[in-house]
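Topology and contacts: notes
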Amino acid sequence: MLENKIMRVLNNKRNKTPPVWLMRQAGRYLKEYRDVREKAGGFLDLCYNPELAKEVTLQPIRRFGFDAAILFADILLLPQALGRKLWFETGEGPRLNPILGRKDIDNLQNIDVMNGFLENIYETVRIVRSELSEEKTLIGFAGAPWTVATYMIAGKGGDDQKAAKVYMTRNPEDFRMLIDKLTLATIEYLSEQIKAGAGVVKIFDSWAGALGGTYFKNYVYEPIKKISQEIKKRHPEAKVIAFPRGCGANYKSFCDLKFVDCIALDSTVPPPWIKKEVQNIKAIQGNLDPIHLVTGGDELLRQIDYITDNYNKGPYIFNLGHGITPDADPRNVEILLKRLSQ
Ligand code: CP3
């Protein structure tokens, strides 16, 4: 198989110019996305419709020629497949019926039921792969157990993970049970995506930065270690990207994860520090602040150059530090791509 630009990085090699894709690259900043989304009905209808989900997965590749497509789905489909109720409140984001106690954790569905529920997602992976050229990587993904647990316990997103932390400290055994169940389910979910054609899987731990010390070790580091290890055991050729967002100095500890091939960075970690402490051990991905795709101008160019100047001696994939926002200007994405190819 061809070693495309992203695979070169994940094999720890450099490219002349960095490969690039953007978190949330299929989304509301694109008119063609908004059109398909309207046709689908709701966001979840779009996720579970393989033809339309394929369409929006490929839209940013057609428009911008990114080096990777990322499966169009959501990290919260997994808890839904495990039996929790999920819906999206317009303008507010995701809602779930919150986990209230041990019974709710015991009653989570088994892996066969989960996989049956997610069959259309695997179908999307299959048809995207069949329409994508070999130069492009297809990335599958899941939320990390801790981040998914925060939504399952609070019943919604939010800036503080208080509900999950209260549950974790008051009911450590139940919480451990939930994390273990999510770890096993995530292994199966990612494994099915790889079987369907995803060459790379990314584990999103969006709220990793909310935990420190032994909590970080037990609920962020260890579950990702277990997932990456098992994925590599089952699929030695697959690559794993981990995104412990906001974890600061703990980024360095991720270098010890033997089965993680690339560490995705948020915008708060300084490139010179990452270059010295992380990139000489592992390939990295990141970390432009998404605000610059809204505001553009000379500052956008300066910030792109700052990142490339720091990282271009080693293996890296250019990306944002978090998802592109609905108010981003697609013309700024074009400016970014042009700058990177120079
Ligand atoms: O393009 C891609 O990156 C692939 C698809 C993707 C989505 N969500 C689509 C989506 C991916 C990889 C995700 C991951 C995801 N989902 C995360 C982890 C990454 C991160 O942002 O930290 C999280 C925490 C979620 C949960 C989630 N889904 C939230 C909090 C929201 C609401 C916020 C928002 O942007 O509206 C979603 C909705 C969502 N997921 C949208 C998209 C395109 C917007 C839905 C719409 O079209 O209205």
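Above this text is the structure in question.
Residues numbered from 1 in each chain as written. Predicted model: local features only at pLDDT ≥ 70, side-chain atom pairs only at ≥ 80, totals over all residues. Heavy atoms only, no water.

Per the stated rule, a full pass over the model turns up 14 aromatic pairs. A centroid spacing of 5.7 Å and a plane angle of 50 degrees characterise the contact between tyrosine 33 and phenylalanine 72, whose relative ring orientation is tilted. Within this pair, whereas tyrosine 33 is found in helix α2 (residues 31–40), its partner phenylalanine 72 is found in the loop between β1 (68–70) and α5 (77–81), the two being separated by 39 residues in sequence. We note that tyrosine 33, like phenylalanine 72, is buried. With a centroid separation of 5.9 Å and 85 degrees between ring planes, the pair formed by tyrosine 221 and phenylalanine 254 is classed as edge-to-face. Residue tyrosine 221 is found in helix α12 (residues 213–234), and its partner phenylalanine 254 is found in the loop between β6 (239–244) and β7 (262–264); the two are separated by 33 residues along the sequence. There is no split in this pair, since tyrosine 221 and phenylalanine 254 are both buried. Site record: aromatic cluster; members linked through ring pairs are Tyr33, Phe43, Phe72 and Phe88. A cation over a ring is seen here: arginine 245 above tryptophan 207, with NZ or CZ 5.0 Å from the ring centre. (Phe/Tyr/Trp six-rings, centres within 6.5 Å; stacked < 30°, edge-to-face > 60°. Helix = DSSP H or I, 4+ residues; strand = E, 2+ residues; numbered from the N terminus. Buried < 20%, exposed > 50% of the residue type's maximum accessible area, 1.4 Å probe, protein only. Lys NZ or Arg CZ within 6 Å of the ring centre and 35° of its normal.)

Attention shifts here to the pattern of salt bridges. Evaluated as defined, the whole model comprises 25 salt bridges. The salt bridge partner of glutamate 188 is arginine 234, with a shortest N-O separation of 3.0 Å. With glutamate 188 in helix α11 (residues 172–196) and arginine 234 in helix α12, this residue pair connects regions lying 46 residues apart in the sequence. Here arginine 234 falls in the partly exposed class, since its relative accessible area comes to 35%. Of the charged contacts, one joins lysine 233 and glutamate 230 as a salt bridge, the two residues approaching to 3.8 Å between their closest N and O atoms. With lysine 233 and glutamate 230 both in helix α12, this residue pair falls three residues apart, about one helical turn. (Salt bridge = Lys/Arg side-chain N within 4 Å of Asp/Glu carboxyl O.)

This part takes up the site of the ligand. Residues in close proximity to the ligand total 22 residues, the closest being Arg28, Tyr33, Arg37, Asp74 and Ser206. Within the contact set of the ligand, an oxygen atom lies 2.6 Å away from a side-chain nitrogen or oxygen of arginine 37. One of the side-chain N or O atoms of serine 206 is found 2.5 Å from an oxygen atom in the ligand. A total of 870 Å² of accessible area belongs to the ligand in isolation, and the protein chains cover 87% of it. Within the residue set of the shell around the ligand, elements represented by two or more residues are α2 and β3 (93–96). Tallied by class, residues from the shell around the ligand come to 14 nonpolar, four polar and four charged. (Near = heavy atom within 4 Å. Polar contact = N/O pair within 3.5 Å; in protein donor to acceptor, adjacent residues only side chain to side chain. Areas by Shrake-Rupley, 256 points an atom, 1.4 Å probe, with all protein chains shown as cover. Nonpolar A, V, L, I, M, F, W, Y, C, P; charged D, E, K, R; others polar.)

So, on to helix α9 (residues 145–154). α9 sits mainly inside the fold: nine of its ten residues count as buried. Following α9 by one or two positions, glycine 155 has its phi on the positive side, about 80 degrees.

With that settled, consider unusual backbone geometry. In this chain, glycine 286 is followed by asparagine 287 through a cis amide linkage whose omega measures -25 degrees. Tracing the backbone shows asparagine 287 in strand β8 (residues 283–288). Of note, the phi angle at asparagine 12 is positive, near 70 degrees, even though the residue is not glycine. Judged by its relative accessible area of 45%, asparagine 12 is partly exposed. Of note, arginine 24 is a non-glycine position whose phi angle comes to about 60 degrees, a positive value. In this structure, arginine 24 sits in the loop between α1 (5–10) and α2.

Let us look at the side chain of asparagine 287. Using a relative accessible area of 4% as the deciding quantity, one classes asparagine 287 as buried. Within the local environment of asparagine 287, its side chain forms a polar contact with the backbone oxygen of valine 269, the two atoms lying 3.1 Å apart. Every residue in contact with asparagine 287, bar those within four places of it in the chain, is listed here: Leu265, Asp266, Ser267, Val269, Pro271, Ile307, Tyr311, Asn319, Leu320 and Gly321. (Contact = heavy atoms within 4.5 Å.)

Right, let's get into the sheet that holds β1. Taking strand neighbours across the sheet as the criterion, the seven strands line up as β1-β4-β5-β6-β7-β8-β9 in an open arrangement whose pairing is parallel. Single-partner strands in this sheet number two, and they are β1 and β9 (316–320). Across the sheet, the mean angle separating the axes of adjacent strands is 25 degrees when strand polarity is ignored. Bridging between β8 and β9 involves five bridges; their strand directions are parallel. Looking at β9, one finds that glycine 286 is bridged to phenylalanine 318. (Pairing = 2+ DSSP bridges. Axes fitted to C-alpha atoms, helices over the stretch in contact; angles between N-to-C directions.)

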